[in-house]
Amino acid sequence: MLGVFGIFTGFFMIDQDTVIAEFGIPHLEMVLDEIFNLPPIWVAMTQDRPVTVGQLARQVGLDPGYVFRRLEGIVAMMKDIEWTAEKLKSALESTKDQSSERPILLDVRQRWEYDVCHIPGSILLAECNFAELLPKLKAAATVVTICHHGVRSFSAAMYLRENGVTSAVSLAGGVEQWAISIDPAMARY
């Protein structure tokens, strides 16, 4: 018996005993931190990490039904949320002469990181007014968020998707992977 809190996702049934890792959520610790305000293991250093959906709901003091729906929404939102460096390169090359289709490259790192290296044509988020930029991002064919290794940009892409920028994706591996795969001459840090 699955009980009141069972939800069929189309792929598998989730209930209070479902193991959170089964969702296959990239950067799971960051998602638990940002969505459920659960301190990352490297901060909390606790052995009481929630393993199941029910444990997570109890630990953060939320209704299990809400946690189920939130996890289901996160899984749906993460569909195709990461692009490889090769996919970005191909998209940039194929839209070279089509400014309306060209991806917007949104770098979410610190100024000093951007100064060390960045993908040409990228916009440093720290230097623009996000409120003024948001309508342009919502209208864009694709918005690619970029950071050093792909974790901050993943978080930024999730944030953008939650705020109406449905085309937001994250560069998997960040500028580090771009330098390795696409531009070996690019400075690295």
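Residues numbered from 1 in each chain as written. Predicted model: local features only at pLDDT ≥ 70, side-chain atom pairs only at ≥ 80, totals over all residues. Heavy atoms only, no water.

Asker: Describe in detail the overall build of the protein, supporting the description with residues and values.
Answerer: In terms of regular secondary structure, the protein is built from nine helices and seven strands. Accessible surface computed for the protein: about 10100 Å², of which carbon and sulfur atoms make up 54%. (Helix = DSSP H or I, 4+ residues; strand = E, 2+ residues; numbered from the N terminus. Areas by Shrake-Rupley, 256 points an atom, 1.4 Å probe, with all protein chains shown as cover.)

Asker: Report on the packing of aromatic side chains, specifying residues and quantitative values.
Answerer: Tallied over the entire structure, the rule returns two aromatic pairs. Measuring from ring centre to ring centre gives 5.3 Å for Trp112 and Tyr189, while their planes differ by 65 degrees; the resulting arrangement is edge-to-face. Taken together, the residues span a long stretch of sequence, with Trp112 in helix α6 (residues 111–116) and Tyr189 in the segment after α9 (174–181) at a distance of 77 residues. Judged by relative accessible area, which is 52%, Trp112 ranks as exposed. On the numbers, 6.2 Å between centres and 50 degrees between planes, the contact of Phe130 with Tyr159 is tilted. (Phe/Tyr/Trp six-rings, centres within 6.5 Å; stacked < 30°, edge-to-face > 60°. Buried < 20%, exposed > 50% of the residue type's maximum accessible area, 1.4 Å probe, protein only.)

Asker: A description of the confidence of the model for the protein should follow, citing residues and the corresponding values.
Answerer: The share of residues in the protein with pLDDT of 70 or more is 90%, and the mean pLDDT across the chain is 87. Predicted confidence for residues 1–12 stays below pLDDT 50, and this span has 26 contacts to residues more than four positions away or in other chains. (pLDDT = per-residue confidence, 0-100. Contact = heavy atoms within 4.5 Å.)

Asker: How would you sum up the pattern of salt bridges? Please name residues and give values.
Answerer: Within the structure shown, the criterion is met by eight salt bridges. One salt bridge in this structure joins Asp115 and Arg111, with 2.5 Å as the shortest N-O distance. With Asp115 and Arg111 both in helix α6, this residue pair falls four residues apart, about one helical turn. (Salt bridge = Lys/Arg side-chain N within 4 Å of Asp/Glu carboxyl O.)

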